Amino acid sequence: MWCDPTVTQQPLLDFRSDTVTKPDEAMRAAMASAEVADDVLERDPTMHALEERVAGLLNTEAALWVPSGSMGNLIALFLHLRRGDRFLAAHGSHVLDNELGTAAWIAGGMPHPMDWDAGPGRMSAAAIHDIAGSEPSYHGLNTTLLSLENTHNAAGGTVMPLEEHMQLIAAARECRLRVHLDGARLWNASVALGVAPSELTVGVDTVQVCLSKGLGAPVGSVVAGTEDFVTEARRVRKMLGGGVRQGGILAAAGLIALDRVDALADDHVNAKLLAEGLNELGWSVREPETNIVLAAVPDVRNAVKMLGRLGIQTGPMAGQVRFVTHRDVSTADVKETLHRIGSAS
Ligand SMILES: *Cc1c(COP(=O)(O)O)cnc(C)c1O
């Protein structure tokens, strides 16, 4: 076997993403005993229960389980956009950079990345007015959609404050834009702000939330909006190959995941601890707002490799090293991480 003598034998500490969490005993037990039916022919009862519960939490008329956040975003954009319509999204948004361009080539939208003129990952209401506030000329694009992301992943899990959200919604309305919210980590934003998730969906037409990130479900997201939207969304999901039959086994995991939203606060505390410790070791890290810590280093690839040799798994994100805290890394693991980095430098 190929062997690098510098590779540590210590236990791996996995900060690559909050998607690496594994379903625990309670979740597996709920999955094993879930009541199920064919969700393509009729409705799977557990799937239905999950969708109702998420619609309630987000204060939408209805909701639809989807296998991934990317599919949830794509379904929403597909239904909002007509071919050649322009949509606005902050630079680095998942819909722009991490979904293989499907917003353009399947949903048919012309993306317009917006500067972060209101803070990391955040655009201003004025900027929306500038680009979408007047009728397009004969040869101009029709801007019809604003796509928000809260928290913003590539900016470092940054949270959009409530007042700012309302200003953007007002600007979108004045410019006659629909609004989609990529809320893959909306739960984190709600915990960080101490407000209900439904306060962060006020004024949006559609929203996508993930169950497989910090909440630990093995699979699944939910896309939500009006009854009419969800009826159409079911059809698009089928078109994309996302009709699932006895999906209740997966939905059961989602229901357990939803009980764990409050525990995200622990991940936020651990992220702060990690950031403080890294700064004390001479790293350059901005204070995290949620569970993502971005470290600016001269050579990202080398830093990720160096950390890997210490048994600390991270990844590159937006030209920095990204550490994501989650329910499978403890405070003791964070201290161990800092200890290993401190001993190596
Ligand atoms: C993870 C993520 C998604 C969805 O990702 P999938 O891997 O398709 O589930 C969407 N938006 C953001 C901001 C994300 O971080």
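Preceding this paragraph is the structure being described.
So, a few notes on the structure that sits alongside this text. The numbering scheme is per chain: residues are counted from 1 as the chain's sequence reads. For this predicted model, a pLDDT threshold of at least 70 governs which residues receive local features, and a threshold of 80 or more governs which side-chain atom pairs are given and counted, while totals over whole chains, interfaces and linings are taken from all residues. Note that water and hydrogens are dropped before the side-chain values are worked out from all heavy atoms of the structure.

1. A few points about the packing of aromatic side chains
What counts is decided by this rule: Working definition: rings of Phe, Tyr and Trp (its six-membered ring) pair if their centres are within 6.5 Å, and the pair is stacked with planes under 30 degrees apart, edge-to-face with planes over 60 apart, and tilted otherwise. In DSSP terms, a helix is any run of H or I states spanning at least four residues, a strand is any run of E spanning at least two, and both are numbered starting from the N terminus. The buried label applies to any residue whose accessible area, calculated with a 1.4 Å probe on protein chains only, is under 20% of its type's maximum; exposed applies above 50%, and partly exposed to all values in between.
Going through the model one piece at a time under the given rule, you end up with two aromatic pairs. Seen from their ring centres, Phe 15 and Phe 323 are 5.9 Å apart, and the 70 degrees between their planes marks the pair as edge-to-face. Placement of Phe 15 in the loop between strand S1 (13-14) and helix H1 (25-32) and of Phe 323 in strand S13 (residues 320-324) is noted, with a sequence separation of 308 residues between them. Among the residues examined, Phe 15 registers a relative accessible area of 0% and is labelled buried.

2. Here we look at the pattern of salt bridges
Note the following rule: Here, a salt bridge means any side-chain nitrogen of Lys or Arg that lies within 4 Å of a carboxyl oxygen of Asp or Glu.
Summed over all chains, the structure comprises 13 salt bridges. Of the charged contacts, one joins Arg 260 and Asp 24 as a salt bridge, the two residues approaching to 2.8 Å between their closest N and O atoms. Placement of Arg 260 in the loop between helix H10 (248-258) and helix H11 (264-280) and of Asp 24 in the loop between S1 and H1 is noted, with a sequence separation of 236 residues between them. For Arg 260, a relative accessible area of 15% corresponds to the buried category. Judged by relative accessible area, Asp 24 falls into the partly exposed class, the value being 27%. Between Glu 51 and Arg 43 there is a salt bridge, and its shortest N-O distance comes to 2.6 Å. Take Arg 43: its relative accessible area is 32%, and that puts it in the partly exposed class. Look at the salt bridges and you will find they share partners, linking Asp 39, Arg 43, Glu 51, Arg 234 and Arg 237 into a network.

3. Re the pairing of strand S6 (residues 178-183)
Quick reminder of the rule: Two strands are said to pair when DSSP picks up at least two bridges between them. By the criterion used throughout, a crossover qualifies as right-handed when its path from the first strand across the helix to the second strand runs clockwise, the strands pointing away from the viewer.
Along S6, five of the six residues are buried, which leaves the element largely enclosed by surrounding structure. Pairing analysis gives five bridges linking strand S5 (residues 143-149) to S6, with the strands arranged parallel. The residue bridging Leu 148 from the neighbouring strand is Leu 181, located in S6. You can see the chain leave S5, run along helix H7 (residues 162-174) and come back into S6, and the turn it takes is right-handed. Read from S6 through helix H8 (residues 186-193) to strand S7 (residues 206-210), the crossover connection turns out right-handed.

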